[in-house]
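Report on the structure
Here are the chains, one letter per residue:
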Amino acid sequence: MFGMFKKAMLITAILLPSLGGCTNYFTAVEQIGQYEIGEQGPAGGWIVYENEDWPDDDWRYLELAPDDHIDSGNLDWAPEDVKDTSIPDGTGAAIGDGAANTEAILDFFESESTGDITTTAPYAADTYSQGGYTDWFLPAIDTLEYIQNNYDYDFNQTGYASSTEYDNSNVY
């Protein structure tokens, strides 16, 4: 399943102050702040997306990790013993699916692999810490495409991968 990647682009979702979503706009703005696209976010990265449905969801913004993100040579996507195996329930493609995808991928690795998961991109994302935030994840394909179409990134040239499976041997 999947190959080697030069870098891992990391995203964090700026969560809302209640578990069930937040219906009070002013409380949310007061507790998490209000950001503009392109501004530096609370973790030191850059705000790249605002969720229009944030009053009903548990997150409002996506923040791109600063600078080179994780750049430690090449990262495996998966341990060797599960490289040709799909995640049982699949992975989502939509903007906002990256956190659940990364969690599902790691759960699968931990239950099915006997290999070293610490050299994988999903593990690197999950254990990354920046600006006091530890909830970083690999973005879903629609998030990568959104960033590529709206910012100066060419993912085909730089070796980034999403958390979305293409088939049992590849990710987008």
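Preceding block: the structure.
Anyway, here's the lowdown on the structure attached to this text. (Residues numbered from 1 in each chain as written. Predicted model: local features only at pLDDT ≥ 70, side-chain atom pairs only at ≥ 80, totals over all residues. Heavy atoms only, no water.)

1. A word on a negative patch on the surface
Taken together, the side chains of Glu103, Asp107, Glu110 and Asp126 present a region of like negative charge at the surface. The dominant element in the negative patch, judged by the number of residues it contributes, is helix 2 (residues 98–112), at three residues. Here Asp107 is to be found in helix 2. When its relative accessible area of 43% is taken as the criterion, Asp107 is described as partly exposed. (Patch = residues over 30% accessible without salt bridge, like charges linked within 9 Å, V, L, I, M, F, W, Y side chains within 5 Å. Areas by Shrake-Rupley, 256 points an atom, 1.4 Å probe, with all protein chains shown as cover. Salt bridge = Lys/Arg side-chain N within 4 Å of Asp/Glu carboxyl O. Lys, Arg positive; Asp, Glu negative; His and termini not counted. Charge placed at Lys NZ, Arg CZ, Asp CG, Glu CD. Helix = DSSP H or I, 4+ residues; strand = E, 2+ residues; numbered from the N terminus. Buried < 20%, exposed > 50% of the residue type's maximum accessible area, 1.4 Å probe, protein only.)

2. A short note on the pattern of salt bridges
Applying the stated criterion to the full structure yields three salt bridges. Lys83 is paired through a salt bridge with Glu80; the nearest N and O atoms lie 4.0 Å apart. For Lys83, a relative accessible area of 13% puts it in the buried group. With a relative accessible area of 64%, Glu80 lands in the exposed category. Shared partners join several salt bridges into a network, and the residues in it are Asp76, Glu80 and Lys83.

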